[in-house]
Amino acid sequence: MFAFILSLTISVPWLTPAQGKDIHSAKIYGAKTFKEGGKLQITCSTFGPETECVEVVNYLCRNGTGIEKKKSRERDVLFTIDGITKDFAGNYSCAYSKTDYKVEEVRAQGFESIFITVNDSFIPANITLPEISVKEGADVDFKCTSSKLPDNDQNNIYAYLCKNRTVIQVNIWNTEKMETIFTLKKVSKRDAGSYACGLMADIQPIPKTRVHGINKANLHITENVNDTVRIVVGCSIALLLILCFLGLYGVFEKQGWCRCHIERSTEHGAVARGGEFLNQGNISYTNEMQNQARFSAAEWDDFSDNSENDHASNEDIYQVCEDV
């Protein structure tokens, strides 16, 4: 029994080295209520003649255990913790020492403390969608409802519409109907995705780990049939006009080629016939000239005399016919 008491007496100072005589209590100031996801701010004050113009280590403790520390010559030291959760609720106290201990070794039980609560700042809500599949160009209404509201010191509560965990719209919550309506105008395919909604007491960045809703609504966007039909009909008419134009062009082109071919054939035939005629006349003329060349000189003389006599006879006839 004596040995057990002796070992306990030796081990306690070793387990709690920061609970020696140089750990002193400090004043603590700050709000007692904070919102989840917000900023916790507490001031530790070491006002007293023993700390004047002397650098000391200030410790912020939660439930008797150190969580933060700062070295300073200032008598008032501000501790700030961002993005707090509900785990930060508890009894807070301040201490100081001229010795720099590891923060987790500091114990400040029995010192002056305040109890800090962390309220809900983000409440997941329920989202409903009348139709999960809508056509492009239509308007879509998301209905966000909740039976629970975040703790709020102000008048307004804000509802957030999130797409794929990203906030895209913010509305003021209707506290009478306990709902709000989010509207997407003239949706397109890029609006398709997963949607959720939630409530916050004020406008501030939503913690990444808290961006979620009670449920999700998956929106699907389909093509507008009227637009598709209009496009198909327009393309068909354009194609038909092009084909008609090409057909008429082919017909006119063919007729012009036939006419040209017939004219060329007629001209060629006339030339051929004219050449044949000329060839025949040339042959006859040549034969006649050859026959005339065969006349003898005596025959030529007789032919000449006969021609002269005939000419004289004609002159005599014309003389008889002269007027008296």
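Owing to the predicted nature of the structure, the values given are computational and were not obtained by experimental measurement.

(A) Main features of the overall build of the protein. The number of helices and strands found in the protein is 3 helices and 17 strands. Out of the 324 residues in the protein, the part that is buried amounts to 27%. Taking all contacts inside the protein whose residues are at least 6 apart in sequence as the whole, residues at least 24 apart take part in 73%. Here the protein has roughly 22,300 Å² of accessible surface; of this, 56% comes from carbon and sulfur atoms.

(B) How the structure looks around the pattern of salt bridges. For the structure on display, the rule yields 6 salt bridges. With its nearest N and O atoms 3.8 Å apart, the salt bridge here joins Lys27 to Glu112. Remark: Glu112 occurs in the loop between strand S7 (90-97) and strand S8 (113-119) and Lys27 occurs in strand S1 (residues 24-30); sequence separation between them is 85 residues. Residue classification places Glu112 among the partly exposed residues on the basis of a relative accessible area of 37%. The shortest N-O distance in the salt bridge between Lys69 and Asp100 comes to 2.7 Å. A residue pair is termed long-range when its members are at least 10 positions apart, and Lys69 in strand S5 (residues 65-72) and Asp100 in the loop between S7 and S8 qualify at 31 residues. When salt bridges that share partners are traced, they join Lys69, Lys71 and Asp100 into one network.

(C) Local environment of the state of the cysteines. Taken as a whole and assessed by the stated rule, the structure comprises 2 disulfides. Each sulfur in the disulfide pair Cys44 and Cys94 lies 1.9 Å from the other. Looking along the S-S bond of the Cys44-Cys94 disulfide, the torsion reads about -65°, which is the left-handed sense. Taken together, the residues Cys44 in strand S3 (residues 39-45) and Cys94 in strand S7 connect sequence positions 50 residues apart. When sorted by exposure, Cys44 lands in the same class as Cys94, which is buried. Between the sulfur atoms of Cys144 and its disulfide mate Cys197 the distance is 2.2 Å. Judged by the torsion about the S-S bond (95°), the Cys144/Cys197 disulfide is right-handed. Taken together, the residues span a long stretch of sequence, with Cys144 in strand S12 (residues 140-145) and Cys197 in strand S16 (residues 193-200) at a distance of 53 residues. Numbered in order of appearance, the disulfide-bonded cysteines of the protein are paired 1-2, 3-4.

(D) Summary view of the packing of aromatic side chains. For the coordinates displayed, the defined rule picks out 1 aromatic pair. Over the face of the ring belonging to Phe79 we find Lys70, whose NZ or CZ atom lies 5.5 Å from the ring centre.

(E) The nonpolar core, seen in detail. Core analysis: the biggest nonpolar cluster contains 21 residues, and Ile127, Val140, Phe142, Phe182, Tyr195 and Leu219 have the highest contact counts within it. For this core, the secondary structure elements donating two or more residues are S12, strand S13 (158-163), strand S15 (179-184), S16 and strand S17 (217-222). Once residues lying within four places of it in the same chain are set aside, the contact partners of Phe182 are Val140, Asp141, Phe142, Cys144, Ala159, Tyr160, Leu161, Gln169, Val170, Asn171 and Cys197. By size, the runner-up hydrophobic cluster in this structure holds 18 residues, among which are Ala26, Cys44, Ile84 and Val118.

(F) Geometry of unusual backbone geometry. One non-glycine residue, Asn63, lies in positive phi territory at about 55°. Along the chain, Asn63 falls in the loop between strand S4 (56-62) and S5. For Asn63, a relative accessible area of 48% gives the class partly exposed. Positioned with a positive phi, Lys186 is a non-glycine residue whose angle comes to about 45°. As for its position among the elements, Lys186 is in the loop between S15 and S16. For Lys186, a relative accessible area of 66% corresponds to the exposed category.

(G) Geometry of a nonpolar patch on the surface. Judged by side-chain polarity, Leu239, Ile242, Leu243, Phe245 and Leu246 come together as a nonpolar surface patch covering roughly 530 Å² of accessible area. With respect to the helices, strands and loops of the structure, Phe245 is situated in helix H2 (residues 225-293). On the accessibility criterion, Phe245 (57% relative accessible area) is exposed.

Thresholds applied
Residues numbered from 1 in each chain as written. Predicted model: local features only at pLDDT ≥ 70, side-chain atom pairs only at ≥ 80, totals over all residues. Heavy atoms only, no water. Helix = DSSP H or I, 4+ residues; strand = E, 2+ residues; numbered from the N terminus. Buried < 20%, exposed > 50% of the residue type's maximum accessible area, 1.4 Å probe, protein only. Contact = heavy atoms within 4.5 Å. Areas by Shrake-Rupley, 256 points an atom, 1.4 Å probe, with all protein chains shown as cover. Salt bridge = Lys/Arg side-chain N within 4 Å of Asp/Glu carboxyl O. Disulfide = S-S within 2.5 Å. Phe/Tyr/Trp six-rings, centres within 6.5 Å; stacked < 30°, edge-to-face > 60°. Lys NZ or Arg CZ within 6 Å of the ring centre and 35° of its normal. Core = buried A, V, L, I, M, F, W, Y, C linked by side-chain atoms within 4.5 Å. Patch = residues over 30% accessible without salt bridge, like charges linked within 9 Å, V, L, I, M, F, W, Y side chains within 5 Å.

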